[in-house]
Amino acid sequence: MDLQKLRKEETLTLRNKLIGKSCRLFYSDDPVKIVRARGQYLFDENGMRYLDCISNVQHVGHCHPSITKASTAQMELLNTNTRFLHDNIVQYAERLAATLPKKLCVFYFVNSGSEANDLALRLAQQYTRHEDVIVLDHAYHGHTMSLINISPYKFRKLTGQKEWVHVAALPDTYRGLYKEDHPNPAQAYADTVKDVIDKAHQKGRKICAFFAESLPSVGGQIILPQGYSSKVAEYVHSAGGVFVADEVQTGFGRVGSHFWAFQLQEGFCPDIMTMGKPMGNGHPLACVATTVEIADAFTANGVEYFNTFGGNPVSCAIGLAVLDIIEKEDLKGNAIRVGAHLKDLLTKLQTRHEVIGNVRGVGLFVGVDLVTDRAQKTPATEIAAKVVKRLKVEDRICVSTDGPWDNVLKFKPPMCFTMEDAELVVHSIDRILTDVEATGLELEKEDI
């Protein structure tokens, strides 16, 4: 049965009536009603095409025909829970294991990044028999209560910091404690984690885990200094804890050179890794990967772990199709080539616009930090909002912001993003910033 097609105004009226107000829309003052999509493009109810620079979930592109085919074929045959023996879940786990270091060889399938991170926290606490968790400032790890408690981005707006949660400095070499010109920023930032551990021990607390995104996203598209993760892991292990790498945003080849972002840190491997958003290309699919020792400790508690939908045959068929497409279409290679081109174009743009304070990123994970003063690095929050709005209205390009001050333009597009797409985006940003800067100069003259 065809669903009734509503006018945009009717859809918005019904949403405002029926959907919780805290579930916010992109462009809330004038939302885009998207009715179909393909590749890196979205189409509204009038057939207008938008370039999508936001949807890192639709990793291999919106509505990829191979994924539609795989999901339909499996759905027509069987979809049941994982208490029944089935090939898909073990074949998928085997494929995932081939992308990871050998020690990460046990998998738990779930439905979302939040579920994965919640389970990772349980695994860490069961294994270490400790409670306390160290997280990075401005971090976000999910929407369950346990994860809000370890997400400074959220808990500072709600009930505040729990006694068992400890916050370490974000290793931001642009505007953090230690800048790019520091002789060893990795060691310096790792030592701030050691300080947190020491202070926790002084209070009689015991460290369970260091929990961090491999590339902090909500923190502002941050690239960790080389060597940071290994040194932090050394400190955390000495304290009896484990290292949990959150790859929900950054996994599956987005960084280009590697399949997982934690692999950017030479010689480093976490004890637990979580994955989610891009894993099912829009289908709810996520996973925790860990060691035999940690998995055995979780089993030893005598309580069965069961997830009704996690790892079902349809989800795993889709997951396998995503892996096939990444390989067949060389999407890692595309991330390297297009990401480098995008970053190069944005860096050249920085020489023409004082408002661009910093361009950072790797592969198709790129951030543009906008500032009102390069020396002071004052966040240009209002300008960033104007750029996002005008890109949508004038160019039909969807971009959003991140960072503690919402001043970082973030680019995490579908991995089929092209050279031409990158050039279009940068050309449009150039035009808008030129206009914004000219308007700002005119206002200054009027004040005089």
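For the structure itself, look to the data block above.
Quick caveat, the model's predicted, so the values are computed rather than measured.

(A) Representation of empty space enclosed by the protein within the structure. A full pass over the atoms with the stated rule returns two cavities of 30 Å³ or more. Its boundaries defined by the atoms lining it, the largest cavity holds a volume of some 60 Å³. As for the largest cavity, its lining consists of L136, F210, A212, E213, S214, L224, Y228, S229, F243, F262, Q265 and F268. Elements supplying a minimum of two residues to the lining of the largest cavity: β7 (207–213) and α8 (228–238). With three residues, the single largest contributor to the lining of the largest cavity is β7. Approximately 50 Å³ is the volume attributed to the second largest cavity. If you trace the second largest cavity, you find it lined by L136, D137, H138, A139, Y140, L170, A212, E213, P216, S217, V218 and G219. Residue composition of the lining of the second largest cavity, by class: seven nonpolar, three polar and two charged.

(B) Inspection of helix α10 (residues 313–328) at higher detail. Taking 1.5 Å per residue as the helical rise, α10 with its 16 residues ought to reach 22 Å, and the 22 Å between its terminal C-alpha atoms agrees with that figure. Across the 16 residues that make up α10, a large majority, 13, are buried. Near the N-terminus of α10, the side chain that reaches the backbone nitrogen of V314, with its oxygen 3.0 Å away, is that of N312. D330 sits one or two residues past α10 and shows a positive phi near 50 degrees.

(C) Spatial organisation of the side chain of H166. Positionally, H166 belongs in strand β6 (residues 165–168). Within the local environment of H166, its side chain forms a polar contact with the side chain of D132, the two groups lying 2.7 Å apart. Discounting chain neighbours no more than four positions away, the residues touching H166 are D132, V133, I134, V135, Q161, V196, A200, R205 and I207.

(D) Broad picture of the sheet that holds strand β14 (residues 397–398). Pairing within the open sheet is mixed, and its four strands lie in the order β1-β2-β3-β14. If you trace the sheet from one side to the other, it starts and ends with β1 (34–38) and β14, each paired once.

(E) Quick look at unusual backbone geometry. The backbone phi angle of N281 is positive, close to 55 degrees, even though this residue is not glycine. When you line up the elements, N281 lands in the loop between β9 (272–275) and β10 (286–290). On the basis of relative accessibility, which here comes to 9%, the residue N281 falls in the buried class. Even without being glycine, R396 reaches a positive phi, approximately 50 degrees. Residue position: R396 is located in the loop between α12 (381–395) and β14.

(F) Representation of the sheet that holds strand β4 (residues 106–110) within the structure. Here we have seven strands laid out as an open sheet, ordered β4-β10-β9-β8-β7-β5-β6, and mixed in their pairing. The open sheet has two edge strands with one neighbour each: β4 and β6. For this sheet the average axis-to-axis angle between neighbouring strands, irrespective of direction, equals 20 degrees. Examined bridge by bridge, β9 and β10 share four bridges and lie antiparallel to one another. Bridged to M273 within β10 is A289. Relative to β10, helix α4 (residues 113–128) is tilted by about 25 degrees, and along the sheet it contacts β4, β5 (132–136), β7, β8 (242–246), β9 and β10.

(G) Focus on the packing of aromatic side chains. Tallied over the entire structure, the rule returns 14 aromatic pairs. Here F26 and Y27 contribute two aromatic rings whose centre-to-centre distance is 6.4 Å and whose plane-to-plane angle is 50 degrees, an arrangement assigned as tilted. Taking the relative accessible area as the measure of exposure, F26 reaches 51% and is therefore exposed. Given a relative accessible area of 14%, Y27 falls into the buried group. Above the face of the F306 ring, R83 is positioned so that its terminal group lies 3.9 Å from the ring centre. Sitting over the face of the ring of Y153, K157 holds its NZ or CZ atom 4.5 Å from the ring centroid.

(H) The side chain of Q350, seen in detail. Checked against the element boundaries, Q350 lands in helix α11 (residues 331–350). Looking at Q350, the relative accessible area reads 18%, which means it is buried. Within the structure, Q350 has its side chain in polar contact with the backbone oxygen of G357 (distance 3.0 Å). Discounting chain neighbours no more than four positions away, the residues touching Q350 are I356, G357, N358, V359 and R374.

(I) The arrangement of the packing of helix α3 (residues 87–97) against α10 in detail. In the contact formed by α3 and α10, the axes pass within 9 Å of each other and the chain directions differ by 35 degrees. Like other packed secondary-structure pairs, α3 and α10 cross with a definite hand, here left-handed. Of the residues in α10, those in contact with N88, I89, Q91, Y92, R95 and L96 of α3 are P313, C316, A317, G319, L320, L323, D324 and E327. Residues belonging to the contact of α3 with α10 are distributed by class as follows: eight nonpolar, three polar and three charged.

(J) Expanded view of the packing of helix α2 (residues 65–77) against α10. Where α2 contacts α10, the axes come no closer than 9 Å and their chain directions differ by 155 degrees. By the angle between their directions, the pair α2 and α10 is classed as roughly antiparallel. The two elements α2 and α10 meet at a crossing, and its hand is right-handed. For the pair α2 and α10, the contacting residues are S66, I67, A70, S71, Q74 and M75 in the first and P313, V314, A317, I318, A321, V322 and I325 in the second. Residue classes in the contact of α2 with α10 are distributed as 10 nonpolar, three polar and no charged.

The rules behind the values
- Residues numbered from 1 in each chain as written.
- Predicted model: local features only at pLDDT ≥ 70, side-chain atom pairs only at ≥ 80, totals over all residues.
- Heavy atoms only, no water.
- 1 Å grid on protein atoms, 1.4 Å probe; cavity = no way out; pocket = protein on both sides within 12 Å on 5 of 7 lines; lining within 4 Å.
- Points joined across faces, edges and corners; volume = space filled by probe spheres on them.
- Helix = DSSP H or I, 4+ residues; strand = E, 2+ residues; numbered from the N terminus.
- Nonpolar A, V, L, I, M, F, W, Y, C, P; charged D, E, K, R; others polar.
- Expected span 1.5 Å × (residues − 1).
- Buried < 20%, exposed > 50% of the residue type's maximum accessible area, 1.4 Å probe, protein only.
- Polar contact = N/O pair within 3.5 Å; in protein donor to acceptor, adjacent residues only side chain to side chain.
- Contact = heavy atoms within 4.5 Å.
- Pairing = 2+ DSSP bridges.
- Axes fitted to C-alpha atoms, helices over the stretch in contact; angles between N-to-C directions.
- Phe/Tyr/Trp six-rings, centres within 6.5 Å; stacked < 30°, edge-to-face > 60°.
- Lys NZ or Arg CZ within 6 Å of the ring centre and 35° of its normal.
- Left-handed = near helix turned anticlockwise from the far one by under 90°.
- Parallel < 35°, antiparallel > 145°, perpendicular 65-115°, else oblique.

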